[in-house]
Amino acid sequence: MKSTLVHALALAFVAPFGTACSKKGTECEALVAVVNPAMEKMSHATAKKADKPAALAAQAKEIAAIAGGTAASLAKVPLTVPELQTFSREYQAMTRDVAAAATETADSVAAAE
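Residues numbered from 1 in each chain as written. Predicted model: local features only at pLDDT ≥ 70, side-chain atom pairs only at ≥ 80, totals over all residues. Heavy atoms only, no water.

Peer 1: I keep staring at the overall build of the protein chain and nothing clicks. Help me out?
Peer 2: Of regular secondary structure, the protein chain possesses four helices and zero strands. Going from N to C terminus, the protein chain has its helices and strands arranged as α-α-α-α. Expressed as a percentage of the 113 residues in the protein chain, the buried residues total 38%. For the protein chain, long-range pairs separated by at least 24 residues make up 76% of all intrachain contacts whose partners lie at least 6 apart in sequence. With an accessible surface of roughly 6300 Å², the protein chain has 60% of that area assigned to carbon and sulfur atoms. (Helix = DSSP H or I, 4+ residues; strand = E, 2+ residues; numbered from the N terminus. Buried < 20%, exposed > 50% of the residue type's maximum accessible area, 1.4 Å probe, protein only. Contact = heavy atoms within 4.5 Å. Areas by Shrake-Rupley, 256 points an atom, 1.4 Å probe, with all protein chains shown as cover.)

Peer 1: Quick question: what am I supposed to make of the side chain of Thr95 here?
Peer 2: Its place among the elements puts Thr95 in helix α4 (residues 82–112). On the accessibility criterion, Thr95 (0% relative accessible area) is buried. From its side chain, Thr95 meets the backbone oxygen of Gln92 in a polar contact 2.9 Å long. (Polar contact = N/O pair within 3.5 Å; in protein donor to acceptor, adjacent residues only side chain to side chain.)

Peer 1: What exactly am I supposed to notice about the confidence of the model for the protein chain here?
Peer 2: Detailed reading of the predicted model is not advised wherever pLDDT is low. For the protein chain, per-residue confidence averages 84 on the pLDDT scale, and 80% of positions sit at 70 or higher. Here helix α1 (residues 2–14) stands out as the least confident element of the protein chain, with mean pLDDT 55; helix α3 (residues 53–75) is the most confident, with 94. (pLDDT = per-residue confidence, 0-100.)

Right, dumping it as C-alpha cells:
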C-alpha cells in the first residue's frame, strides 16, 4: 500500500507539465530544462522495486529529494511572463507537497520497522 502511495506521489509530480512553449520562448524553455530532467529522475526512482520497508523508505527519501530539489531549482528561474510565473509558483508548491508527503512516508515506514 505504501508503495502505491509513493507511485501516486510521483505521478502527481510528473503529470501537470503541459505548458506550450511556442508563445513563451526562452522562459518556458528554462522551465522545461528544470522539469524534464526531474521527471526523468522521478521515473527512475519510481521504477525501482521497493517491496521491503527499508527499500520503500529509501525510495520515498529519493522522491522527496528530487521533488524538493526541483522546487528549489524552479525558484531560481527568472520569469517575466505572468502565466509562467503562475505555473512555476504552482508547480513549486506541488513539488514541495510531494517532497513533504514522501518524507512523511519514509519516516512512517522507518518508524514501523
